[in-house]
Amino acid sequence: MSVIFLSGPIGAGKTAVAKALLPLLPAPLSYIEGDTFWSFIRKGGERGLRDNFPVLVRSMTAAAVPFSRSGFRVLIDFSIPPAYIDTARKILKDVPFDFVLLRPSLRVCVERAASREEGAITDYVMLKNFYARFEEETVEAICDDDADPASLARQIADGLNQGRFRVLDRSLLQGL
């Protein structure tokens, strides 16, 4: 019973790594591909991307709760900035969670985002500004421009088994 956030900027390779990671994780396992949550918004009205993004992130986190409380390990694959960890803690409450941050170079992310077969993103300024949200040093990042998804998945699976990515409750840390 835990939640794993597989995060990183747009173009970090999260979905490719998630697909390689899924077979390495034990059952029971649930997978939430966060991009599917965009389809839940049929009419955003006056609300733009910036307003809807936090709603999506909170919604996918809340969707993980019943699975994790039923004994599933839940993998959430989405671009969730590290600043969201405190919000995740409030939503998940007593559910333990890990935060894995993939952060290849901005150059690699821009190239990947622009070369997507579906949903290519070429707005460099937007990508650069969003990438900056993943550069804070509160979470250890995996920064490897050359690793393939399978080797990253093995590295993540090993790190999960060792507790390397576990987010600890701040109230517990105060007692240490």
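Heads up: the structure comes first, above all this text.
**Examining the packing of aromatic side chains**
So, point 1. Within the structure shown, the criterion is met by 9 aromatic pairs.
So, point 2. Ring centres of F5 and F99 lie 6.1 Å apart, and the angle between their planes is 40 degrees; on these two criteria the pair is classed as tilted. Taken together, the residues F5 in strand β1 (residues 2-7) and F99 in strand β4 (residues 97-102) connect sequence positions 94 residues apart. The exposure classification of F5 matches that of F99, with both residues buried.
So, point 3. With 5.8 Å between their ring centres and 85 degrees between their planes, F53 and F130 make a pair best called edge-to-face. Taken together, the residues span a long stretch of sequence, with F53 in helix α2 (residues 49-69) and F130 in helix α5 (residues 124-132) at a distance of 77 residues.
So, point 4. A network of ring pairs unites the aromatic residues W38, F53, F78, F130 and F134 as a single cluster.

**Topic: the nonpolar core**
So, point 1. By size, the foremost hydrophobic cluster in this structure holds 52 residues, and its most contacted members are V3, F5, I76, I80 and I156.
So, point 2. Setting aside anything within four residues of it in sequence, one finds I156 in contact with L6, V17, L21, V100, L102, I142 and F165.

**Details of the pattern of salt bridges**
So, point 1. Summed over the entire model, instances satisfying the criterion amount to 6 salt bridges.
So, point 2. Note that R107 and E111 form a salt bridge whose closest N and O atoms lie 3.3 Å from each other. Highlighted residues: R107 and E111, both in helix α4 (residues 106-114), separated by 4 residues, approximately one helical turn.
So, point 3. Its relative accessible area of 49% is what places R107 among the partly exposed residues.

**Quick notes on empty space enclosed by the protein**
So, point 1. Inspection of the entire model under this criterion finds 1 cavity of 30 Å³ or more.
So, point 2. Within this model, the largest cavity holds a volume of roughly 40 Å³.
So, point 3. What lines the largest cavity is simply P9, I10, L106, C109, V110, L127, F130 and Y131.
So, point 4. Put simply, the parts of the chain that give the lining of the largest cavity at least two residues each are α4 and α5.
So, point 5. Per-class residue counts for the lining of the largest cavity are 8 nonpolar, no polar and no charged.

**Description of the pairing of β1**
So, point 1. Summarising burial for β1: 6 of the 6 residues are buried, a large majority.
So, point 2. Two strands pair when backbone bridges link them, and β1 and strand β3 (residues 73-77) are joined in this way by 5 bridges, in the parallel orientation. By the bridge assignment for β3, L6 is matched with D77.
So, point 3. Both β1 and β4 contribute to a ladder of 5 bridges, which runs parallel.

**Describing the environment of K19**
So, point 1. If you trace the backbone, K19 turns up in helix α1 (residues 14-21).
So, point 2. Sequence separation between K19 and D77 is 58 residues; the distance between their C-alpha atoms is 9.8 Å.

**With respect to unusual backbone geometry**
Phi is mostly negative for residues that are not glycine, and the peptide bonds are mostly trans.
So, point 1. Residue P28 is reached from A27 by a cis peptide bond, and omega for that bond is -5 degrees.
So, point 2. A positive phi angle, near 55 degrees, is found at K93, a position not held by glycine.
So, point 3. Mapped onto the fold, K93 is located in the loop between α3 (85-92) and β4.

Cut-offs applied
- Residues numbered from 1 in each chain as written.
- Predicted model: local features only at pLDDT ≥ 70, side-chain atom pairs only at ≥ 80, totals over all residues.
- Heavy atoms only, no water.
- Phe/Tyr/Trp six-rings, centres within 6.5 Å; stacked < 30°, edge-to-face > 60°.
- Helix = DSSP H or I, 4+ residues; strand = E, 2+ residues; numbered from the N terminus.
- Buried < 20%, exposed > 50% of the residue type's maximum accessible area, 1.4 Å probe, protein only.
- Core = buried A, V, L, I, M, F, W, Y, C linked by side-chain atoms within 4.5 Å.
- Contact = heavy atoms within 4.5 Å.
- Salt bridge = Lys/Arg side-chain N within 4 Å of Asp/Glu carboxyl O.
- 1 Å grid on protein atoms, 1.4 Å probe; cavity = no way out; pocket = protein on both sides within 12 Å on 5 of 7 lines; lining within 4 Å.
- Points joined across faces, edges and corners; volume = space filled by probe spheres on them.
- Nonpolar A, V, L, I, M, F, W, Y, C, P; charged D, E, K, R; others polar.
- Pairing = 2+ DSSP bridges.

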